Amino acid sequence: MKRYEVIVIGAGPAGLSAAIEAASHGMKVVVYDENDRPGGQLFKQIHKFFGSREHKAMQRGFRIGEDLLAEADRLGVSVELNSTVMGFFGNKEVTVLQGDRIEHVRGNYIIIATGASENALAFPGWTLPGVVGAGAAQTLMNIHGVRPGKKILMVGSGNVGVVVGYQLIQAGCELVGVVDAAPRISGYGVHAAKIARTGVPFYLSHTIKEALGKDKVEAVVIAAVDERWQVIEGSKKTIEADTVCLAVGLSPMAQLAKMAGCEMQDIPARGGLIPIHKEDRETSVPGIFVAGDVAGIEEASSAMIQGRIAGATIARDQGYLPEDLYQDRFQYYKNSLSQIHQGMFGPDRKGKLDIMETDEGCPLCESLLTQGYLADVGLQFYPGIPGEERRRKGIVAVVECTQNIPCDPCQDACPKGCIIVDGSIAHIPTFTEKEPCTGCGLCVSACPGQAIFLVDETFAPGEATVTIPYEMEPTPEPGYRGLALDRSGSVLGEAEILSVRKSKAMDKTVLLTMKVPLEWSMKARYFRV
Amino acid sequence: MDSKIRIEEQDSFLSKPGDDLIICRCEEITKGEIRRAVHDGMRTMNEVKRYLRAGMGLCQGQTCSKLVRDIIAAELQIRREEVAITLPRSPVRPVPMGAYANDGTVRK
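So, how was this worked out
- Residues numbered from 1 in each chain as written.
- Chains lettered and ligands numbered in written order.
- Predicted model: local features only at pLDDT ≥ 70, side-chain atom pairs only at ≥ 80, totals over all residues.
- Heavy atoms only, no water.
- Helix = DSSP H or I, 4+ residues; strand = E, 2+ residues; numbered from the N terminus.
- Rg over C-alpha atoms; globule rule 2.2 N^0.38 Å.
- Buried < 20%, exposed > 50% of the residue type's maximum accessible area, 1.4 Å probe, protein only.
- Disulfide = S-S within 2.5 Å.
- Expected span 1.5 Å × (residues − 1).
- Pairing = 2+ DSSP bridges.
- Axes fitted to C-alpha atoms, helices over the stretch in contact; angles between N-to-C directions.
- Parallel < 35°, antiparallel > 145°, perpendicular 65-115°, else oblique.
- Left-handed = near helix turned anticlockwise from the far one by under 90°.
- Contact = heavy atoms within 4.5 Å.
- Nonpolar A, V, L, I, M, F, W, Y, C, P; charged D, E, K, R; others polar.
- Core = buried A, V, L, I, M, F, W, Y, C linked by side-chain atoms within 4.5 Å.
- Buried area = accessible area lost by both parts, 1.4 Å probe.
- Salt bridge = Lys/Arg side-chain N within 4 Å of Asp/Glu carboxyl O.
- Polar contact = N/O pair within 3.5 Å; in protein donor to acceptor, adjacent residues only side chain to side chain.
- pLDDT = per-residue confidence, 0-100.
- Phe/Tyr/Trp six-rings, centres within 6.5 Å; stacked < 30°, edge-to-face > 60°.
- Lys NZ or Arg CZ within 6 Å of the ring centre and 35° of its normal.

Asks: What exactly am I supposed to notice about the overall build of chain A here?
Replies: Assigned secondary structure in chain A consists of 12 helices and 28 strands. Relative to the 2.2 N^0.38 estimate, which gives 24 Å for 529 residues, the radius of gyration of chain A is 24 Å and therefore close to what a compact globule would have. Its C-alpha atoms put chain A at 80 × 60 × 40 Å along the principal axes. The buried share among the 529 residues of chain A stands at 58%.

Asks: Just to check I follow, could you spell out the state of the cysteines for this structure?
Replies: Disulfides are covalent bonds that link the sulfur atoms of two cysteine residues. Residue and element names in this part refer to chain A. Applying the stated criterion to the full structure yields zero disulfides over all chains. Here C365 is not cross-linked by a disulfide; its sulfur's nearest cysteine counterpart is in C362, at 12 Å. Overall, C365 belongs to the buried group, its relative accessible area being 11%.

Asks: Mind showing me how you'd approach helix α1 (residues 13-24) of chain A here?
Replies: Think of an α-helix as turning once every 3.6 residues; residues three or four places apart then point the same way. Residues and elements named next belong to chain A. Helix length check: α1 (12 residues) gives 16 Å between terminal C-alpha atoms against 16 Å at 1.5 Å per residue, within 8%. For α1, the buried fraction is high: 11 of the 12 residues fall into the buried class. Three or more residues of α1 are buried, namely P13, A14, G15, L16, S17, A18, A19, I20, E21, A22 and A23. Once α1 ends, the next one or two residues include G26, with phi positive near 105°.

Asks: Teacher, can you tell me more about the pairing of strand β18 (residues 272-275) of chain A here?
Replies: Note on strand geometry: in a regular strand, side chains alternate between the two faces of the sheet. When strand β17 (residues 264-267) of chain A meets β18(A), the two strands line up antiparallel, connected through four bridges. Looking at the pairing, Q265(A) lines up with I274(A) of β18(A).

Asks: Explain unusual backbone geometry here, please?
Replies: For residues other than glycine, phi is negative in most cases, and the peptide bonds are mostly trans. With an omega dihedral of -5°, the bond running from E473(A) to P474(A) counts as a cis peptide bond. Among the structural elements, P474(A) can be located in the loop between β24 (463-470) and β25 (481-485). Looking along the chain, the bond that leaves S90(B) and enters P91(B) is cis, with omega of 0°. Position of P91(B) among the secondary structure elements: in the loop between α4 (65-76) and α5 (97-102). One non-glycine residue, N91(A), lies in the positive phi region at around 60°. Secondary-structure assignment places N91(A) in the loop between β4 (83-89) and β5 (93-98). Even without a glycine there, the phi angle at D507(A) is positive, about 50°.

Asks: Is there a simple way to think about the sheet that holds strand β9 (residues 151-155) of chain A in this case?
Replies: Pairing between sheet strands relies on hydrogen bonds along the backbone, with the strands arranged either parallel or antiparallel. Residues and elements named next belong to chain A. Ordered in space as β8-β15-β9-β10-β11, the five strands form an open sheet in which the pairing is parallel. Two strands lie at the open edges of the sheet, namely β8 (131-133) and β11 (202-204), each paired on one side alone. The sheet shows a mean angle of 20° between the axes of neighbouring strands, direction not considered. Bridge analysis of β9 against strand β15 (residues 243-246) gives four bridges, and the strand direction is parallel. Bridging across to β15, I152 finds its partner in T243.

Asks: I'm lost on the packing of α1(A) against helix α2 (residues 61-74) of chain A in this one. Help?
Replies: Between two packed helices, the angle of one axis relative to the other and the distance separating the axes together describe the packing. All names here are of chain A. Where α1 meets α2, the axes come as close as 9 Å, and the angle between the chain directions of the two elements is 30°. As far as their axial angle goes, α2 and α1 are roughly parallel. In this structure, the crossing between α1 and α2 has a hand that is left-handed. Packed against α1, whose contacting residues are P13, L16, S17 and I20, the element α2 presents L68, L69, E71 and A72 at the interface. Tallied by class, the residues present in the contact of α1 with α2 amount to six nonpolar, one polar and one charged.

Asks: Before we go on, may I ask you to explain the nonpolar core in this structure?
Replies: Across soluble globular proteins, you tend to see nonpolar side chains buried next to one another. By size, the foremost hydrophobic cluster in this structure holds 81 residues, and its most contacted members are M154(A), L168(A), L175(A), F202(A), I452(A), M514(A) and V516(A). Filtering out sequence-adjacent residues up to four positions away, L175(A) remains in contact with I152(A), M154(A), G165(A), L168(A), I169(A), I195(A) and V200(A). Counting residues in each nonpolar core, the second largest holds 39 residues, with L128(A), L153(A), A211(A) and I34(B) among its members.

Asks: Help me out: how do you make sense of the interface of chain B and chain A in this one?
Replies: In many reports, interface size means the accessible area that the parts give up when they come together. Contacts between chain B and chain A engage 30 residues on the former and 33 residues on the latter. A combined buried area of about 2,500 Å² lies between chain B and chain A, and 59% of that area is made up of carbon and sulfur atoms. Linking chain B with chain A are two salt bridges. Between D266(A) and R69(B) there is a salt bridge whose closest N-O contact spans 2.8 Å. The tally of links from chain B across to chain A stands at nine residue pairs in polar contact (both at pLDDT 80 or more). Among the elements that take part in the side of chain B that touches chain A, α5(B) stands out by supplying four residues, more than any other. Its residues assigned to classes, the side of chain B that touches chain A shows 15 nonpolar, seven polar and eight charged.

Asks: Can you walk me through the confidence of the model for chain B in this structure?
Replies: In low-pLDDT segments, the atomic positions of the prediction should not be examined closely. Per-residue confidence for chain B gives a mean pLDDT of 88, with 86% of residues at or over 70. This complex was scored by the predictor with a pTM of 0.95 and an ipTM of 0.88.

Asks: Where do I start with the packing of aromatic side chains in this structure?
Replies: Aromatic ring pairs are described here by two measures, namely the spacing of the ring centres and the angle between the planes. Residues and elements named next belong to chain A. Under the criterion given, the structure shown has seven aromatic pairs over all chains. Ring-pair connections join several aromatic residues into one group, and the members of that group are F50, Y188 and F345. Residue placement shows K194 over the ring face of Y166; its charged tip is 4.2 Å from the ring centre. The ring of F453 has R525 sitting right over it, with the charged end atom 4.8 Å from the ring centre.

Asks: For this particular structure, what's the right way to read the sheet that holds strand β14 (residues 237-240) of chain A?
Replies: All names here are of chain A. The strand order across the open sheet built from three strands is β12-β13-β14, with neighbouring strands paired in antiparallel fashion. The two strands at the open ends of the sheet, each matched to only one other strand, are β12 (206-212) and β14. Sheet twist, expressed as the mean angle between neighbouring strand axes with direction ignored, is 30°. Pairing between strand β13 (residues 219-224) and β14: four bridges, direction antiparallel. Its bridge partner lying in β14, A219 is registered against E240.

Below, the structure is given as structure tokens:
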């Protein structure tokens, strides 16, 4: 039987980070993954990540995945693919299915980083072809280049739903709506806004009643629900669709941890049954550690830090990392984790419907929470949105970021220091011009939430320009006349593209500048080709 | 709140609308079959699994477990967390018989 110092189960962001950390201190690590490619969920994440620089903010998920793999390789970590850990036995022995053989291996330390699986929602017609998990649809689109369907209803407004929803639009699908039984959109407002401005309706306090069709989905029936999740009479609505994406939550795949004898706890807010673990990631069984979604649903940034903590702790336990250096590392990682736990969507505040204000005391925009777009009135409450007086002076950045989410790349992006995210990275950005805004647009492309725009109300008498971040195909050429849409996706009218800016620094986010009547300067936020 | 007494106090199993909804896709087990199993005395995930094969198909319960647990909980009028779950056993993924046959043999 083979014996390893460290066995990591799962080559996703948590597993690879754990392996990298342990290997960086000199340990010999093997990582097993059941898939034929490593990286877990990272490679299908084509959007820019949030957080701060240390959390790899602004990098697209798949790029982070590539970097992790390269570093693991450089450190001599052995990543074995098509290797399914199928059993966990006493004395930290695991059985690994590789092809037609079963390997028996033992580890001094084992890190379980097996991630999570998508939840299902059962309703009449859910077994028809066309009903897929949102994560599955994302894999189909972003890894295999196949559209899941043409007309798609997204069920679930959490981050998975709204992020995948936007990617479906990018892939050329028609997103016919986003449905959620809750009264508020549970994902980031900026993600919802990206979708709403293209014209997609949000149906909050609605549920899917049925998927209709003979051999595949042909239409969906949705209905409104009251506070007790009871269907409201007469509220049924039938929408033509060929695909239903279910984004109704994730559940930790913690079977191996339970099999290993780890003490488990059922915590609905964390996704279900999770292995109890200390801050240093060790479970109730000495030598068995957990990191990533398997220990509680969060996201990739948390997974990576948790993996690092597990790797460092093991290195310290085995004598590779001196205690004082370990403590420094641990505190650094712990602090990093607490930063991304801040804000309105943090693990301890998620789902709380009674939050009415931001931490700074700005009112939370109701229409952003229920319909996915910022209302035209009330913009003056947000410190990132310059007022009329400033706008009349010349080009200016308009930062439409109105909820506390841990994210601050805008601050780093501006070469003039115009955007400040003060104190905690979850604070709402403030537009304060240290030096005058030059309209370079770096902030527009840097914002992972596509929530920053350039507005020039001095372009010409009665005319303004609005520069938007654009990540759709095809990209229009200057001179092209299309339609300007407002935040709700309603057509304002015709608009002409004046310029199309691309650069390597902008990493595939194109800056589209359109000419609009002055009255639309604070309304036009999307361009339809 | 004794779930055993509650079940016995009810009439014999009554069909409800929605009972024909498939819950375990791999084994094609309906909501009605699961509810009837609870009435037959199956109160835990383990019992329902062994009685109906719910969770024993290709996905090993990855799709249906939460749904089955909710149905049991609703039938017993208890919270989902109070329904005892199955103990995962090796193998957690389907394994070809050939792999088991090769286990313990020397690699050629």
